[in-house]
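# A closer look at the structure
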There are 2 protein chains.
Amino acid sequence: MALSPPLYEGKAKILYPTADPDVLLAHFKDDATAFNAQKRGTIREKGEINCTLSSHLFQKLGEAGIPTHFLAQVAPQQMHVRRVTIIPLEVVVRNRAAGSLCRQTGLPLGLPLEPPLVEFYLKDDALGDPLLTPDRLQLLNLASPSHIAQMQALALQVNQWLSDFFKDCGILLVDFKLEFGLNRDDQMVVADEISPDTCRLWLKDETDPQKRILDKDRFRQDLGQVEEAYRQVLTRVLGQAAAG
Amino acid sequence: MALSPPLYEGKAKILYPTADPDVLLAHFKDDATAFNAQKRGTIREKGEINCTLSSHLFQKLGEAGIPTHFLAQVAPQQMHVRRVTIIPLEVVVRNRAAGSLCRQTGLPLGLPLEPPLVEFYLKDDALGDPLLTPDRLQLLNLASPSHIAQMQALALQVNQWLSDFFKDCGILLVDFKLEFGLNRDDQMVVADEISPDTCRLWLKDETDPQKRILDKDRFRQDLGQVEEAYRQVLTRVLGQAAAG
């Protein structure tokens, strides 16, 4: 298929227009970046794995009544998504302390967070995607209070569904990042992707703090076996999706 | 006076015990640091200026009914303060956007913030004094919800009084940092210091964005005339204190 020039190229995906102005083609790249793109590399077959994983998870979320931008996987690395206006905020849901939360506060890795923590970050590479307090979120005025409340509620719904689903796969959902968009009917939908690039996933029955990691932290921390970890998540999710 | 070995030495002050176990001697140093002590220098007579300024402002705040740890200025660079247990949080009140708020969010310098923004930061040099969301503040459990509410309310009271006072000195109080402590009666009091090291102060009638700066930003940004700016704040405050 001949592709039109891209509408947008991000660190992990390229968005192309299609013949239908309400539909975009998302192409998932094998490129991997971390630490605000200061670290760059390639994860073999990542595009295909993340596209397939996201497609399955978006499909299941939709069936569970949570609106997403997903329409259909149309090729191993490509999905059709509904065109949305992305809200430039990243919503992170944390069930356990990890990553920047530990680095910034000194809270111990793996500390259970009950209730889960929902955090908003400004999606702005030049500013380093800074954490926003509720006051700063309001000051920036990037989304109305009602839209922010919708994002918060949807993020918690996704967390509930996704935690249960991954648990059945033998995986602990430590934390994850969502992006949201507004479709042409002004409906808030989950956008972007759900993959080991955007989730922290730990093998539930593995206590070794390095061996258990099945997500981009293997790349961030140079732990090796990155492809194998991503592949294992896909295998478990597809197995569970078929069983469930 | 022969001093006992210090109880504590910080970047700007040294605390010594006195004969009275409930009273400490705070010695204000001329040392200046910025950017979490990555930048170091000396500001001539800073210790004397900041000790005198803080003494006057604490005295006035006390008269306005706001409890502080201040007892008396006992030498140009030294004050007696009540011994308190410092809560390891920095409370920042912002009337205008400046500093890290602008760097982190892209909000324009000088943007009026109404109502004023009250922000909590973890007082931890090793972690770089990170900004805390209300959720992170609660998770860290460094102060009870009731103590946090007291700090917030006191910070706003200090802001109201201090903004009015500086306004009468021809100075705009852009933002400032407070620290709090609990005295032996478990009363929350304002501690640390109030000075051009801990406040952003702009000359009210000066529109030049560099000339108007009367605070540590002159040191941070290498703007020169640092001592003169600190001295000018002192002169204006002492004049106003005498007049008021």
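Attention in this report is confined to the structure presented alongside it.

## Re the interface of chain B and chain A
When the parts come together, some accessible area is lost, and that loss is often what is quoted as the size of the interface. Residue-level contacts link 24 residues of chain B with 24 residues of chain A. On the chain B side of the contact with chain A, Thr105(B), Arg136(B) and Leu139(B) bury the most area, a combined 33% of that side's loss. For Glu119(A), the salt bridge goes to Arg136(B), with nearest N and O atoms at 2.7 Å. Where chain B packs against chain A, one counts six residue pairs in polar contact (both at pLDDT 80 or more). The element that contributes the greatest number of residues to the side of chain B that touches chain A is strand β10 (residues 112–122) of chain B, accounting for six residues. Here the residues of the side of chain B that touches chain A are counted per class, giving 14 nonpolar, five polar and five charged.

## Structural notes on the sheet that holds strand β1 (residues 8–9) of chain A
Within a sheet, neighbouring strands are paired by backbone hydrogen bonds and run either parallel or antiparallel to one another. Residues and elements named next belong to chain A. With antiparallel pairing, the five strands of this open sheet are ordered in space as β1-β2-β3-β7-β6. Two strands close off the open sheet at either side, each with one partner strand: β1 and β6 (70–75). Across the face of the sheet, helix α1 (residues 46–63) comes into contact with β3 (23–28), β6 and β7 (78–82) while running at roughly 145 degrees to β6.

## Re the relation of the copies chain B and chain A
Of the transformation superimposing chain B on chain A, the axial component is 0.0 Å and the angular component is 180 degrees, with the fit at an RMSD of 0.0 Å. Here the symmetry operator amounts to a two-fold rotation axis. Residue Thr133(B), judged by its C-alpha, is the member of chain B lying nearest the rotation axis, at 2.4 Å. Same-surface contact between copies: 100% of interface residues of chain B are shared with the interface of chain A.

## Topic: the pairing of strand β6 (residues 70–75) of chain B
All names here are of chain B. Here β6 pairs with strand β7 (residues 78–82) via four bridges, running antiparallel. Bridge pairing in β7 links Ala72 to His80. Hairpin remark: β6 followed by β7, antiparallel, with two residues in the connecting loop.

The rules behind the values
Counting restarts for each chain, with residues numbered from 1 along the sequence as it is written. A letter from A marks each chain and a number from 1 marks each ligand, given out in the order of writing. In view of the model being predicted, local features appear only for residues whose pLDDT reaches at least 70, and side-chain atom pairs are presented and counted only at 80 or more, with totals across whole chains, interfaces and linings using the full set of residues. Only hydrogens and water are set aside; all other atoms, that is, all heavy atoms of the structure, feed into the side-chain values. In what follows, residue pairs with any heavy atoms lying within 4.5 Å of each other are defined as contacts. Buried area adds together the accessible area that both of two parts lose upon being put together, with accessible area traced by a 1.4 Å probe. Salt bridges are identified by distance alone: a Lys or Arg side-chain nitrogen within 4 Å of an Asp or Glu carboxyl oxygen. Pairs of N or O atoms within 3.5 Å make up the polar contacts considered here, provided that, within protein, one atom can donate a hydrogen while the other can accept it, and that residues adjacent in sequence are counted only when both atoms are side-chain atoms. What counts as a helix is a DSSP run of H or I of at least four residues, what counts as a strand is a run of E of at least two, and both are numbered from the N terminus. Following the grouping adopted for this structure description, the nonpolar residues are Ala, Val, Leu, Ile, Met, Phe, Trp, Tyr, Cys and Pro, the charged ones are Asp, Glu, Lys and Arg, and the polar ones are all others, Gly among them. At least two DSSP bridges between two strands are needed for those strands to be called paired. An axis is simply a line fitted to the C-alpha atoms; with a helix, the fit covers only the stretch in contact. Between two such axes, the angle follows the N-to-C directions and lies from 0 to 180 degrees. To superpose the copies, least squares is applied to the C-alpha atoms of every residue with a pLDDT of at least 70 in both.

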